[in-house]
2 protein chains.
Amino acid sequence: MNSSPRVVFCATHTQAEPWLEVLRAQLPGFTVDAWHADHAADPAAEHTADYAVVWAPPQAFIDQVATSERLKAVFNLGAGVDALVSLRWPSLKGAPPVPLIRLDDAGMGTQMAEYVCQAVTRHVRELDVVEAQSRQGQWAFRKPRLRADFPVGVLGLGVLGQRVALALRSFEYTVHGWSRSAKQIEGVTTYGGMDALEPMLSKCRILVNLLPLTDQTQDLLNKQRLSKLMPGGYVINVARGAHVVDEDLVALLDSGHLAGAMLDVFRQEPLPADHAFWKHPKIVVTPHTSSRTLRNESLAQIAQKILRLEHGADVRSLPGLVDRSRGY
Amino acid sequence: MNSSPRVVFCATHTQAEPWLEVLRAQLPGFTVDAWHADHAADPAAEHTADYAVVWAPPQAFIDQVATSERLKAVFNLGAGVDALVSLRWPSLKGAPPVPLIRLDDAGMGTQMAEYVCQAVTRHVRELDVVEAQSRQGQWAFRKPRLRADFPVGVLGLGVLGQRVALALRSFEYTVHGWSRSAKQIEGVTTYGGMDALEPMLSKCRILVNLLPLTDQTQDLLNKQRLSKLMPGGYVINVARGAHVVDEDLVALLDSGHLAGAMLDVFRQEPLPADHAFWKHPKIVVTPHTSSRTLRNESLAQIAQKILRLEHGADVRSLPGLVDRSRGY
């Protein structure tokens, strides 16, 4: 029997091998394998592990690997853990379920900040319009629009939300930030709690959604709340599709209250071919690409945390530990 | 005769009145008028001024207003003074020509930084491709490209170049900066002088041009120098069209050595309808919009400088004083 610590990797829709290679290099002396349903059905195979590294694992994986007391932590290869939390997690002998740890930036903050800044820049400065006219061979000189007329609201002030808020500040936008409990961010007017949400929205013309998806935030951006944005509002959704009520967003774009939207996340991904977002002239669709999980950065962070745990660190000391009661 | 200081405003292609209003509000007690060729021909009119505020003035304006010893300074409503310097300036009684003062940021740095950052982000992350595919209803998931593979070079490290270099650094790009004489910028590898230009270019995959246009920098970006960029190079020109040899740029795009270009400035503006840039599939044309002169910010800065001179300040103490011998 192999006594070295074992890490099991389970990610749907990706080739495991390049990830295993990096993990093995980062964790010398560890056994690092991929989980496959076929392998899992083999009674002779090893079905327990000390650590799991996952992206959108199936319930069958949890049922097999998380029912062993050997499992010490599950690392998610992304910042959003809504899908992971919503699986059925076994509780062993009344003990709490295994700790879940999400990515803590690992190169995602910078990607998110630059994606959002380019979306804001292009909207405020009408570069999308200018480029479309250029493609027609038109020199389309336009009256400058002032950034003071485009205050930006950021929903969600975790690692990514704060990074985005500060990047927008560095380009001299007025930034309002909202989170469940108010935070302090230099140069940003912050608001906390549901009662403060609509007053905050009413001060913003551009809205950037970076909330975690929970029971409280699902469908948060409905007609009532989106209508609170200043006229000519613009919505950038880089969190989860289920935060936005699709029909309400389209209705407000069609009524003219909203000027446009740049959407990177959807209730169903890939966005179904017949979805209204695809052809809407005021909507830009991107394929969940605002912040990609970077293999080396992510696995280096996860390997570091595994080594800290192996050296006796308390799991509660790890950045990115998920609070299952709040859902993120 | 009116003894109050007089400011004359001369800007082609713009309505003078809104600018005069702001200047008058900023300079109470001053006489502030616009210069018109008709008015200039009227022998009864006042043809001298203490200060001139100009954008692309005709030679006739210089011939009339700058031949008076009364003129203390000419303020340019932009950062680039190549057109202004190349006019014929009278020298009075052997004294040096009147001081020229260019805009010193005045809101241009932030605009330039966000324009360049969005251009870099979109190229590195292929958002242009992704959006084009989205317009066709395609969910075009692409392999992430790493920013480490896209070192950026910034040519020209004045107020705007430094602002751009630092903004790119804040998004974790590797940044190389080149200027006539080497400068120190935190986090940026800097190079100075012509001998260092090609070695610097060979380290860059994206090139941002922010040089002043002078005899030394005209046609600087020719085939020899642009071929020094890493394969798959990308050129962002936000300085002056005459820095780039148009045919050489097109040839390197067509040969495949360069992957694309985003061009905001041209040898002739508006870019002529039959120019090859318009329809080139690897070129994005924008209509000299990367950094617009903002009326309030610019005139507030100029009025401040005028008031400092009126209170006895030495013109050499003003930021933005042009060195005619170097041309910027």
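The shown structure was predicted, so the numbers you read here are calculated from the model rather than taken from an experiment. (Residues numbered from 1 in each chain as written. Chains lettered and ligands numbered in written order. Predicted model: local features only at pLDDT ≥ 70, side-chain atom pairs only at ≥ 80, totals over all residues. Heavy atoms only, no water.)

### Looking at the relation of the copies chain A and chain B
Structural alignment of chain A on chain B gives an RMSD of 0.0 Å, achieved by rotating through 180° and translating 0.0 Å along the axis. Overall, the copies show the geometry of a two-fold rotation axis. Considering only C-alpha atoms, the part of chain A nearest the rotation axis is glutamine 118 of chain A, at 2.3 Å. Interface overlap between copies: 100% of the residues of chain A at the interface are likewise at the interface in chain B, consistent with a symmetric, same-surface contact. (Least-squares fit on C-alpha atoms with pLDDT ≥ 70 in both. Contact = heavy atoms within 4.5 Å.)

### A short note on the pairing of strand E1 (residues 6-11) of chain A
Residues and elements named next belong to chain A. Judged by how many residues are buried, E1 sits mostly within the fold: six of six residues are covered. Of the two faces of E1, the one holding Arg6, Val8 and Cys10 and the one holding Val7, Phe9 and Ala11 are both buried throughout. Sheet topology note: the E1/strand E2 (residues 31-34) ladder contains four bridges and is parallel. Within E2, the position partnered with phenylalanine 9 by the bridge is alanine 34. Note on the crossover from E1 through helix H1 (residues 16-26) to E2: the handedness is right-handed. (Buried < 20%, exposed > 50% of the residue type's maximum accessible area, 1.4 Å probe, protein only. Helix = DSSP H or I, 4+ residues; strand = E, 2+ residues; numbered from the N terminus. Pairing = 2+ DSSP bridges. Right-handed = clockwise from strand over helix to strand, strands pointing away.)

### A look at the sheet that holds strand E3 (residues 51-55) of chain B
Residues and elements named next belong to chain B. Read from one edge to the other, the open sheet built from five strands follows the order E2-E1-E3-E4-E5, with strand pairing classed as parallel. Edge positions in the sheet fall to strand E2 (31-34) and strand E5 (100-101), since each has one partner strand and no second. When E3 meets strand E4 (residues 73-76), the two strands line up parallel, connected through four bridges. Considered in E4, the bridge of valine 54 is made with asparagine 76. Each of strand E1 (6-11), E2 and E3 is contacted by helix H1 (residues 16-26), which is oriented at about 170° to E2, the strand it contacts most. Here helix H12 (residues 295-310) sits on the sheet in contact with E1, E3, E4 and E5, set at roughly 165° to E4. (Axes fitted to C-alpha atoms, helices over the stretch in contact; angles between N-to-C directions.)

### Re the packing of aromatic side chains
Scanning all chains against the criterion turns up eleven aromatic pairs over all chains. The interplanar angle of 25° and the centroid separation of 6.0 Å between the aromatic rings of phenylalanine 9 of chain A and tryptophan 19 of chain A together place this pair among those described as stacked. With phenylalanine 9 of chain A in strand E1 and tryptophan 19 of chain A in helix H1, this residue pair connects regions lying ten residues apart in the sequence. The same class applies to phenylalanine 9 of chain A as to tryptophan 19 of chain A, namely buried. Aromatic pair tyrosine 51 of chain A and phenylalanine 75 of chain A: ring centres 6.4 Å apart, planes at 50°, arrangement tilted. Here tyrosine 51 of chain A, found in strand E3 (residues 51-55), pairs with phenylalanine 75 of chain A, found in strand E4 (residues 73-76); they are 24 residues apart in sequence, far enough to count as distant. The structure contains a cluster of three or more aromatic residues connected by ring pairs, namely Trp139 of chain A together with Phe266 and Phe277 of chain B. Arginine 292 of chain A extends its terminal NZ or CZ atom over the ring of phenylalanine 141 of chain B, reaching a point 4.1 Å from the ring centre. It is arginine 326 of chain B that lies over the ring of tyrosine 328 of chain B; its NZ or CZ is 4.1 Å from the centre. (Phe/Tyr/Trp six-rings, centres within 6.5 Å; stacked < 30°, edge-to-face > 60°. Lys NZ or Arg CZ within 6 Å of the ring centre and 35° of its normal.)

### Quick word on the interface of chain A and chain B
Listed by partner, the interface residues are 47 residues for chain A and 47 residues for chain B. Across the chain A/chain B interface, buried area totals approximately 3,900 Å², and carbon plus sulfur atoms make up 61% of it. Across the pair arginine 147 of chain A and glutamate 114 of chain B runs a salt bridge whose closest N-O atoms are separated by 2.9 Å. Taken together, the connections running from chain A to chain B amount to 24 residue pairs in polar contact (both at pLDDT 80 or more). The element contributing the most residues to the side of chain A that touches chain B is helix H5 (residues 108-124) of chain A, with nine residues. For the side of chain A that touches chain B, the per-class residue count stands at 22 nonpolar, 13 polar and twelve charged. (Buried area = accessible area lost by both parts, 1.4 Å probe. Salt bridge = Lys/Arg side-chain N within 4 Å of Asp/Glu carboxyl O. Polar contact = N/O pair within 3.5 Å; in protein donor to acceptor, adjacent residues only side chain to side chain. Nonpolar A, V, L, I, M, F, W, Y, C, P; charged D, E, K, R; others polar.)

### Points about unusual backbone geometry
A cis amide bond, omega -5°, links glutamate 269 of chain A with the succeeding residue proline 270 of chain A. Of note, proline 270 of chain A is situated in the loop between strand E11 (258-263) and helix H11 (276-279). A positive phi angle, near 65°, is found at glutamate 172 of chain A, a position not held by glycine. In this structure, glutamate 172 of chain A sits in the loop between helix H7 (159-170) and strand E7 (175-179). Backbone geometry at alanine 106 of chain B places phi at a positive 50°, although glycine is not the residue there. With respect to the secondary-structure elements, alanine 106 of chain B resides in the loop between E5 and helix H5 (108-124).

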